[in-house]
Amino acid sequence: MIERIGRRAAAAVRAAGRFGHFLGGLARAVPDVATWGRPTIVQMRRIGVDSLPVALFIAAFTGVVLALQASYTFTGTVPLYIVGTVVGKTMMLELGPVLTGLALSGRVGASLAAELGTMKVTEQVDALETLAYDPHAYLVLPRVFAGTVMVPLVVALGIGTGIVTGWLTRLGLLALSTAEFVKGLKLLYRFKDTWFGLAKSASFGFIITLVGCRLGLGTRGGAEGVGRSATRAVVYSAMLILVLDAFWAVVLL
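Draft legend 1. Representation of the environment of Thr209 within the structure. In this structure, Thr209 sits in helix H8 (residues 191-217). Residue Thr209 is classed as buried on the basis of its relative accessible area of 1%. Of note is the side chain of Thr209, whose polar atom sits 3.1 Å from the backbone oxygen of Phe206.

Take a look at the structure:
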């Protein structure tokens, strides 16, 4: 038992050292704008624009469900315009950022880990180093920067979509006027609600892309290793998103 604990402790220390080395390489690559600048535009489209369909789909039905469940809960107890309050606050503070982040951890995180893992096991990363390209500047930094910038934009559109579908649900299924829904939206709204959701979304985008790139470049073992890296990227990203969500709630709220 002591031997097993020692092996696991040593493995954890080695993993922490490799991750620190990875972050150091990423920091050294920041001044090399000529290398990472142009690929960043491509990655912003792939990570941001291409993720819009799944993010908006999730947000749309989240807004519908929130409106219906809030109406079911509050009917006969509190004024129904509180439905607007629930939809707005919940989408901005919690469900918009977190559900979008979890969805992108599967779509973006797994994609990055599989893409870079394939490049690693087929020695394309080694070829870049042979050509004097820094993999951190050419492969990692554009993806991390694009994720940090684009995920909040995707979340903002998702929040708007969820609120609109909650309002449309009011039109079709609930005895609630537009004026009452808007009254509920304004009732407890604070500007902090908006920037809080977007700020933590930026941290979600950073962690999703960082974990995906780190696991991708650390891939070993051919196709099986690529599959393991993609799976771990989704699991680790989802866990870290939930940890960050709790952290920002404690720190900023």
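Draft legend 2. Fine view of the packing of aromatic side chains. One pass over the full model with this rule turns up 5 aromatic pairs. With centroids separated by 6.4 Å and ring planes inclined at 25 degrees, the aromatic side chains of Phe19 and Phe22 adopt a geometry described as stacked. Separated by 3 residues within a single helix, Phe19 and Phe22 lie in helix H1 (residues 2-29), roughly one turn from each other. Overall, the relative accessible area of 4% leaves Phe22 in the buried class. Arranged with centres 5.0 Å apart and planes meeting at 50 degrees, the rings of Phe57 and Phe61 form a pair that is tilted. In this pair, Phe57 and Phe61 both sit in helix H3 (residues 52-74), 4 residues apart, roughly one turn of the helix.

Draft legend 3. Structural detail: a nonpolar patch on the surface. Taken together, the side chains of Val235, Tyr236, Met239 and Leu240 make up a nonpolar region of the molecular surface, amounting to roughly 360 Å² of accessible area. You can see Leu240 is positioned in helix H9 (residues 222-252). Judged by its relative accessible area of 34%, Leu240 falls in the partly exposed class.

Draft legend 4. Spatial organisation of the side chain of Ser203. Mapped onto the elements of the fold, Ser203 is located in helix H8. Those residues in contact with Ser203 that sit more than four places away from it in its chain are Leu244 and Trp248.

Draft legend 5. Quick peek at the packing of helix H4 (residues 82-121) against H8. Across the interface, H4 lies against H8 with an axial gap of 8 Å and an inter-helix angle of 15 degrees. Between H4 and H8, the angle is such that the two are roughly parallel. You can see that H4 and H8 cross each other, and the crossing is right-handed. The residue makeup of the contact of H4 with H8, split by class, is 14 nonpolar, 10 polar and 5 charged.

Cut-off values and rules
Here the residue numbering is sequential within each chain, running from 1 through the sequence in written order. Given that the model is predicted, a residue must reach a pLDDT of at least 70 before its local features are reported, and side-chain atom pairs must reach 80 or more before they are shown or counted; all residues, however, enter totals for whole chains, interfaces and linings. Just so you know, side-chain values use all the structure's heavy atoms and leave hydrogens and water out. Runs of E in the DSSP output that reach at least two residues are strands. Runs of H or I that reach at least four are helices, and both are numbered from the N terminus. Exposure classes here rest on a 1.4 Å probe applied to the protein chains alone. A residue is buried below 20% of its type maximum, exposed above 50%, and partly exposed in between. Polar contacts here mean pairs of N or O atoms no more than 3.5 Å apart (in protein, one a potential hydrogen donor and the other a potential acceptor; neighbouring residues in sequence count only if both atoms are side-chain atoms). Two aromatic rings from Phe, Tyr or Trp, using only the six-membered ring of Trp, form a pair when their centres are within 6.5 Å; if the ring planes differ by under 30 degrees the pair is stacked, by over 60 it is edge-to-face, and anything between is tilted. Exposure above 30% relative accessible area and no salt bridge define the residues that can form patches, which grow by joining like charges within 9 Å and nonpolar side chains of Val, Leu, Ile, Met, Phe, Trp and Tyr within 5 Å. All accessible areas in this document rest on Shrake-Rupley with a 1.4 Å probe, and a residue is counted as covered only by the protein chains that are shown. In what follows, salt bridge is the name for a side-chain nitrogen of Lys or Arg lying within 4 Å of a carboxyl oxygen of Asp or Glu. Any two residues whose heavy atoms approach within 4.5 Å are treated as being in contact. Orientation is described by lines fitted to C-alpha atoms, with helices fitted over the stretch in contact, and by angles between N-to-C directions that extend from 0 to 180 degrees. Throughout this description, any angle smaller than 35 degrees is read as roughly parallel, any larger than 145 degrees as roughly antiparallel, any in the 65 to 115 degree range as roughly perpendicular, and the remainder as oblique. By convention the crossing between two helices is left-handed if the near helix lies anticlockwise of the far one by an angle smaller than a right angle, and right-handed if it lies clockwise. Ten residue types, Ala, Val, Leu, Ile, Met, Phe, Trp, Tyr, Cys and Pro, are classed as nonpolar, four, Asp, Glu, Lys and Arg, as charged, and the remainder, Gly among them, as polar.

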